[in-house]
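# Architecture at a glance
Chain residues, written in single-letter form:
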Amino acid sequence: MNLVTEKIEISGLQAGTLKALKKIGQSNGKSAEEYALIIIEAEVLSQQSFDFMLQPVRQDFVTSEMTEVELDIYVKDLARETGVSIIPRA
């Protein structure tokens, strides 16, 4: 996968915000910058449609040449291995 990254500089943070980012990031094993990136990406993603979020997954499925039956088996096996319940489609 070819990732293109961009850079943003943020100014005007309220007093204590950077300190809080550093503290929370550190408690999660991240730098302030890494934690801020997680927050920004999560907020942007939360504003997108589910269809938009699934586009890369759908594309990977098409290029994998896996059949729907093979995908169903794979997902069921993965769910069983991880203890996740699957809700059947109506």
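All of the points below concern the structure found in this document. Note that this is a predicted model, so its numbers are computed, not measured. (Residues numbered from 1 in each chain as written. Predicted model: local features only at pLDDT ≥ 70, side-chain atom pairs only at ≥ 80, totals over all residues. Heavy atoms only, no water.)

### Things to note about helix H3 (residues 50-64)
For H3, with 15 residues, the first-to-last C-alpha span of 21 Å sits near the 21 Å given by 1.5 Å per residue. Where H3 bends most, at Pro 56, the angle is about 35°. A positive phi of about 65° marks Glu 65, the residue just after H3. (Helix = DSSP H or I, 4+ residues; strand = E, 2+ residues; numbered from the N terminus. Expected span 1.5 Å × (residues − 1). Bend = angle between axes of the 7 residues up to and from the residue.)

### Things to note about unusual backbone geometry
One non-glycine residue, Glu 65, adopts positive backbone phi at about 65°. As for its placement among the helices and strands, Glu 65 is situated in the loop between H3 and helix H4 (68-82). What makes Glu 65 exposed here is its relative accessible area of 70%. (Buried < 20%, exposed > 50% of the residue type's maximum accessible area, 1.4 Å probe, protein only.)

### Some thoughts on the layout of surface pockets
Space inside the largest pocket adds up to approximately 630 Å³. Around the largest pocket, the lining comprises 18 residues; the ones closest to its centre are Ile 8, Glu 33, Ala 36, Leu 37 and Ile 40. If you list the elements that add at least two residues to the lining of the largest pocket, you get helix H1 (17-27) and helix H2 (32-46). Residue contributions to the lining of the largest pocket peak at eight residues, all from H2. A class-by-class count of the residues in the lining of the largest pocket yields 12 nonpolar, one polar and five charged. Empty space within the second largest pocket amounts to approximately 550 Å³. Contributing to the lining of the second largest pocket are 14 residues, with Leu 71, Asp 72, Val 75, Ile 86 and Arg 89 lying nearest its centre. Among the secondary structure elements, those contributing two or more residues to the lining of the second largest pocket are H3 and H4. For the lining of the second largest pocket, the class distribution of residues is nine nonpolar, no polar and five charged. (1 Å grid on protein atoms, 1.4 Å probe; cavity = no way out; pocket = protein on both sides within 12 Å on 5 of 7 lines; lining within 4 Å. Points joined across faces, edges and corners; volume = space filled by probe spheres on them. Nonpolar A, V, L, I, M, F, W, Y, C, P; charged D, E, K, R; others polar.)

Interpretation note: all reported values are geometric properties and have no functional meaning in isolation.
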